[in-house]
4 protein chains.
Amino acid sequence: MIIILKKNANEQKVNQLIEQLKAKGLEIHESQGVQTRLLGLVGDTTQVDIENIQANEVVDQVRRIQEPYKKANRTFHPADTVIEIAGRKIGGGHFQVIAGPCSVESEAQIIEVARAVKASGAGLLRGGAFKPRTSPYSFQGLRADGLELLRKARKATGLPIVTELMNTTHIPLFEDVDVVQVGARNMQNFELLKELGHTKKTVLLKRGLSNTLEELLMSAEYIMAGGNENVILCERGIRTFETSMRNTLDISAVPMLRRLTHLPIVIDPSHAAGMSWMVESLSMAAIAAGADGLMIEVHNSPETALSDGAQSLTPAQFDALMKKVKKTVEFFGKTMD
Amino acid sequence: MIIILKKNANEQKVNQLIEQLKAKGLEIHESQGVQTRLLGLVGDTTQVDIENIQANEVVDQVRRIQEPYKKANRTFHPADTVIEIAGRKIGGGHFQVIAGPCSVESEAQIIEVARAVKASGAGLLRGGAFKPRTSPYSFQGLRADGLELLRKARKATGLPIVTELMNTTHIPLFEDVDVVQVGARNMQNFELLKELGHTKKTVLLKRGLSNTLEELLMSAEYIMAGGNENVILCERGIRTFETSMRNTLDISAVPMLRRLTHLPIVIDPSHAAGMSWMVESLSMAAIAAGADGLMIEVHNSPETALSDGAQSLTPAQFDALMKKVKKTVEFFGKTMD
Amino acid sequence: MIIILKKNANEQKVNQLIEQLKAKGLEIHESQGVQTRLLGLVGDTTQVDIENIQANEVVDQVRRIQEPYKKANRTFHPADTVIEIAGRKIGGGHFQVIAGPCSVESEAQIIEVARAVKASGAGLLRGGAFKPRTSPYSFQGLRADGLELLRKARKATGLPIVTELMNTTHIPLFEDVDVVQVGARNMQNFELLKELGHTKKTVLLKRGLSNTLEELLMSAEYIMAGGNENVILCERGIRTFETSMRNTLDISAVPMLRRLTHLPIVIDPSHAAGMSWMVESLSMAAIAAGADGLMIEVHNSPETALSDGAQSLTPAQFDALMKKVKKTVEFFGKTMD
Amino acid sequence: MIIILKKNANEQKVNQLIEQLKAKGLEIHESQGVQTRLLGLVGDTTQVDIENIQANEVVDQVRRIQEPYKKANRTFHPADTVIEIAGRKIGGGHFQVIAGPCSVESEAQIIEVARAVKASGAGLLRGGAFKPRTSPYSFQGLRADGLELLRKARKATGLPIVTELMNTTHIPLFEDVDVVQVGARNMQNFELLKELGHTKKTVLLKRGLSNTLEELLMSAEYIMAGGNENVILCERGIRTFETSMRNTLDISAVPMLRRLTHLPIVIDPSHAAGMSWMVESLSMAAIAAGADGLMIEVHNSPETALSDGAQSLTPAQFDALMKKVKKTVEFFGKTMD
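Two side chains carrying opposite charge are able to pair once their charged atoms lie near each other. All names here are of chain A. Inspection of every chain in the model, using the stated rule, returns 92 salt bridges over all chains. For Asp-250, the salt bridge identified is with Arg-207, shortest N-O distance 2.8 Å. Of this pair, Asp-250 sits in the loop between strand S12 (231–235) and helix H7 (253–260) while Arg-207 is found in the loop between strand S11 (202–206) and helix H6 (213–225), placing the two residues 43 residues apart along the sequence. Both residues of the pair, Asp-250 and Arg-207, belong to the buried class. Here Glu-280 and Lys-324 are joined by a salt bridge, their closest N and O atoms 2.9 Å apart. With Glu-280 in helix H9 (residues 279–289) and Lys-324 in helix H10 (residues 315–331), this residue pair connects regions lying 44 residues apart in the sequence.

This brings us to the sheet that holds strand S13 (residues 265–267) of chain D. Residues and elements named next belong to chain D. Spatially, the eight strands close up into a barrel ordered S7-S8-S9-S10-S11-S12-S13-S14, and their pairing is parallel. Each adjacent strand pair in this sheet contributes to an overall mean axis angle of 25°, direction not counted. Across five bridges, strand S7 (residues 96–100) lies against strand S14 (residues 293–297) in parallel orientation. Bridge pairing links Gln-96 to Gly-293 in S14. In the packing of helix H3 (residues 107–120) onto the sheet, contacts are made with S7 and strand S8 (124–126), and the angle to S8 comes to roughly 145°. In the packing of helix H6 (residues 213–225) onto the sheet, contacts are made with strand S11 (202–206) and strand S12 (231–235), and the angle to S12 comes to roughly 160°.

Another point: the interface of chain C and chain D. Chain C puts 52 residues into the contact, and the matching count from chain D is 52 residues. Across the chain C/chain D interface, buried area totals approximately 4,500 Å², and carbon plus sulfur atoms make up 44% of it. For chain C, the biggest contributors to the area lost against chain D are C:Tyr137, C:Glu191 and C:Glu303; these three give 18% of the whole. Where chain C meets chain D, there are six salt bridges. Note that D:Arg143 is salt-bridged to C:Glu191, the shortest N-O span being 2.8 Å. Between chain C and chain D we count 24 residue pairs in polar contact (both at pLDDT 80 or more) in total. For the side of chain C that touches chain D, the elements supplying multiple residues, two or more each, are helix H1 (11–22), helix H2 (50–54), helix H5 (190–197) and helix H6 (213–225) of chain C. Counting residues per element, the side of chain C that touches chain D draws most heavily on H6(C), which supplies five residues.

All right, on to the relation of the copies chain C and chain D then. Once chain C is rotated about the relating axis by 180° and shifted along it by 0.0 Å, it coincides with chain D to within an RMSD of 0.0 Å. Here the copies are linked by what is in effect a two-fold axis. No C-alpha of chain C approaches the rotation axis more nearly than that of C:Ser210, which lies at 3.0 Å. A share of 100% of the interface residues of chain C reappears at the interface of chain D, consistent with the copies meeting face to face through the same patch.

Residues three or four positions apart in an α-helix share a direction because the helix packs 3.6 residues into each turn. Taking 1.5 Å of rise per residue, 14 residues should cover 20 Å, and helix H4 (residues 144–157) of chain D covers 20 Å from first to last C-alpha, within 8% of that figure. Residues of H4(D) that are buried sit in contact with H3, S8 and strand S9 (161–164) of chain D.

Listed per partner, the contact involves 53 residues of chain B and 52 residues of chain A. Here chain B and chain A share an interface that buries about 4,600 Å² over both sides, 44% of which is from carbon and sulfur atoms. In terms of surface lost to chain A, no three residues of chain B exceed B:Tyr137, B:Glu191 and B:Glu303, which account for 17% of the buried area on that side. Counting the contacts that link chain B with chain A gives six salt bridges. A salt bridge links A:Arg239 to B:Glu215, with the nearest nitrogen and oxygen atoms 2.6 Å apart. Counting residues per element, the ones that place at least two in the side of chain B that touches chain A are helix H1 (11–22), helix H2 (50–54), helix H5 (190–197) and helix H6 (213–225) of chain B. Among the elements that take part in the side of chain B that touches chain A, H6(B) stands out by supplying five residues, more than any other.

This next bit is on the environment of C:Val266. Residue and element names in this part refer to chain C. Tracing the chain through its elements places Val-266 in strand S13 (residues 265–267). In the structure, Val-266 is positioned 61 residues away from Leu-205 in sequence and 9.5 Å away in space, judged by C-alpha atoms. Those residues in contact with Val-266, other than ones at most four positions away along the chain, are Ile-90, Leu-204, Ile-232, Leu-233, Cys-234, Glu-235, Gly-293, Leu-294 and Met-295.

A positive phi angle, close to 55°, is found at B:Arg143, a residue other than glycine. B:Arg143 sits in the partly exposed class, given a relative accessible area of 25%.

Another point: the relation of the copies chain B and chain A. Superposition of chain B onto chain A requires a rotation of 180° combined with a translation of 0.0 Å along the rotation axis, giving an RMSD of 0.0 Å. Both copies contact each other with a shared surface, as 98% of the interface residues of chain B are interface residues in chain A too.

The next thing to look at is the sheet that holds strand S4 (residues 59–63) of chain C. Residue and element names in this part refer to chain C. Taken in spatial order, the four strands of this open sheet run S2-S3-S1-S4, and their pairing is antiparallel. At either margin of the open sheet sits one strand with a lone partner, and together these are strand S2 (27–32) and S4. The average angle at which neighbouring strand axes cross in this sheet is 20°, direction not considered. Note: strand S1 (residues 2–5) against strand S3 (residues 37–42), four bridges, orientation antiparallel. What sits directly across from Leu-5, in S3, is Arg-37. Helix-sheet contacts for H1 involve S1, S2, S3 and S4, and the interaxial angle to S3 is about 10°.

A separate point is the confidence of the model for chain A. On average, chain A scores 94 in pLDDT, and the residues at 70 or more come to 99%. Prediction confidence for the complex, expressed as pTM and ipTM, is 0.94 and 0.94 respectively.

About the criteria used
Residues numbered from 1 in each chain as written. Chains lettered and ligands numbered in written order. Predicted model: local features only at pLDDT ≥ 70, side-chain atom pairs only at ≥ 80, totals over all residues. Heavy atoms only, no water. Salt bridge = Lys/Arg side-chain N within 4 Å of Asp/Glu carboxyl O. Helix = DSSP H or I, 4+ residues; strand = E, 2+ residues; numbered from the N terminus. Buried < 20%, exposed > 50% of the residue type's maximum accessible area, 1.4 Å probe, protein only. Pairing = 2+ DSSP bridges. Axes fitted to C-alpha atoms, helices over the stretch in contact; angles between N-to-C directions. Contact = heavy atoms within 4.5 Å. Buried area = accessible area lost by both parts, 1.4 Å probe. Polar contact = N/O pair within 3.5 Å; in protein donor to acceptor, adjacent residues only side chain to side chain. Least-squares fit on C-alpha atoms with pLDDT ≥ 70 in both. Expected span 1.5 Å × (residues − 1). pLDDT = per-residue confidence, 0-100.

What follows is the structure, given as structure tokens:
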């Protein structure tokens, strides 16, 4: 971290600031130019609050040099993290497809979809039991009953299950869920992240609609700082000025996250596009950009889906897509196993 | 709601859709033009899921005509809502200033600030006990102890207290808090909103960093749908491409919300700007645009604040600001009482 | 400017970089910390291309300390610039209202509107002759004939005229125009800016839909670098994710520009809102935030306007607004003369 | 287009509006529901100004059903447009790579780069002669001399040349340029677009930093409406809140534009990323998403480049990339010829 001091800063106040920083275990290197006087901070600056320093009257600017996250940082963990979920590996060359309906609606529905996506080659089953809906008047999910139906679908197919958690009080209900999803709207629900840090559950952490990649990594850091390093990152489209699609898929997030972190990266083209016809080309782009997996919405009857019908593939469409996904993953040198 | 059907839509499928909609208690009016065939939906369309309909293969587009919120909608409640908090009124011509530190740090700090802001004319005391911080390594607030200190400050000054709730499990701790704040990052924490809907607490609901005004109103609707109509809306800056300030204050939100809803509207210039020197002009703009209140960060020692120091006013700066606020509120025809 | 070198950077390459920078007349101050090695650049860094330096393999990061603009920079010109247009002053406590139709449509229309806005107290007349329209099928303005009608309106009322220039080839036609407007879509039409720098015309420079304030000031710098320092800046709403209004008025731009530059700042609430009913509260906010002027669309018959009817005030609405504007400008300590 | 009338709209005013619309050659279909009364407009609505209608006091909302562009619209031209440039085809299964330096700097530089990119398989040479730079103090390009050097490079290699036009007055200088580029900052320089519509030059039209896809197509329509249908669209990254990269590549623009228009679509990963190491994965994503071409910056010495060094590949890096590009284009079923 570099602190640029104001011209003619009060010497006594500068010394107070230096003492204050030293008290945090940091070494301070001063540098005096003609126009600017700098303080270079050496040590673990993740605990230094930039805003605090910016509030100091002798300070002109503060610039971070190191990323504010450690456990998620590739600098300190150069090798790709490979996460194993009920025998399926993701990361480090291993590619997984997570598929299933937006919402679990009935036993027949979830089992039918689970069987179909398994037959097409999906490695994990998704399905929402607790649903974050913009409107209080929309279907809110089957909640605990939905989790029960997911367990039945897992039993019927052997597919591990991925489902969203919205509240710390529900954690006990998720005891045997294979992957706990934290949704985009809860990416900065820090109380939830902290609690998940105290579990050993694999967490699929979705990027918020307007959160930077650094903020996404800081949210991963919340979970990891608690002791749980099983975090999968998911880009699902960001909010921009463009109105012709639901969200803008930030495909550059794949190479950028790859550089910044060792954690696996999944793309959700269904939410990014909001329209089923766009899922195929975004899936191809995701694989080509280097993603470790895809998360795709599949519904046996999109027209009567209780949520997100417009972006769901039918099982037949998903089957056709998977044929292309398999060939493309292989072309780009990854394995689906 | 208007549904525009595709050209050459299958007649049988159209009839199925019509029956499906009628089953929800809606009346359907068909209109056949040369190029387009429309279905007009009459009745309570808040329960119709647009995405569902968009997934139907006979549907080209769906357009909402009515807002998807009811209880927050000015159309159905033309008069301004006036909320009373321990004798202070806000809304309908009544203006309030909420002031205090970002975080409660110690008994001495919160009582000193409380006394100062009261002396300058603030109507309510703010202070964070549970703090949502981007980094897990930053100060996370004094939590339950912070609430206790706020109670002491209230006792010492008589000012009602406003403080942020981050988790449903903490609701019992907030029993005697006067105004419960829902922060920007939790604006779409729907589980939290639902639970607050079952209390009678006044809720100060902050707009999320990239949430539309309609989404803000839908989040208010979550609380109101549960039976709690004591909601104050707060605009605190949105996230845009501009980098010279922390956030972009959406001043137009004031007249737009005024038109759409009957709820009181508060502006938080401190978070919008992120820099204390900008607070005055944004406060003036907020009053001029028609806001019902301001929420301002004040700290007795911004340089050593444990959070948000850069945007906090000193008590002396706040006192100077309040002199202008009072005159300006009066000039624009509102009262502070 | 500070250059942060990579760890283990090749010494010979670092020396080459230092020599390259010295050749531009800069002094270089080295600073060696434990983790980081910095180069501080002292001198006129406006001519240093950050991207160039970032491309150097020994460079980790480059951070600017000084703003990249000089002539527009308040640091070097502490006093407010006051611009005088046919006897009307703007800036430094002088407030002006520019009003008129989006497009000049006919002699009768422009003269009627000009007389009305003058009677209500406007200081300048606006009116578009060359119109930048999103669609090639929309009305493109009366072009040279429109300029002629503006001259007639000026003659009839004495109001100086403000009108948009879209192409360097049209500059001769604008010979006797009082204020040349550069529209949002041409804010980075650098060829146009350069040519205007060689004239002595007062330029009203509108901020682009998604341009930062620094970019706006760099565009002003283009004009000023050519020798023409008569630049008025205009904030007219930026493009964000919010869809309930045409643009988001960036009210914080007023205090931020005030701090960064000495140039006058005008707000255009009509384009920001896109809806006439919102113009009044945004105008009040603009005055309260410290703007030096307003630019407001007024049309004698908004419903039949050839462009931007939805955001135009009628002369009667404008007259009512001006009564409030005058009182508010006075309240905030500026003069309209 | 559908007009939703206000409740209790004045009948006489409604009839005036209907007559006004009929006078434009439109048929009007009325539809009366219980809550809403609609007017459906049938005919060529590209000439109807939505804002105009919205300004009418009897109108509640106006909704477009058809796209406001015709010549660029796939509905009216179902087959892909294939453009041929000096024997190279682009579109309809034909893929092209345009490569070269950001700026033409010297004869030696442009010829060296041209030879290198040709040897690696590029089909066209790019190079900036007129440069749009944010700062007036940055290198502005060699201008007419740069065009001359491009001609020499074309003669030396046979590669057709692509270069940016910034001003209508320069059109004569571009007489024998193969592809005229309109840069992002000039995407809505409508005077420039109109003039290009009167030439027969192939135009590479870059999307503006915050322009919607509809606006991009409307700008293409400007050129096409003038009689020049040789337009290639280029996505080069949009401006969002994300700060870790220069721009956000909108990869979804590829399938969306593919659906909306018949024109060829090129991706510029260099400007999208702003960093050379990211170009490869974005190029792969672009091909996978279905783009018809790539535009890539290559410089023989990025560290001393006069512009955009940080995002330029060296010839060796470009050669390695092209080996992957060729295999990937083939894998996705397109040809480079």
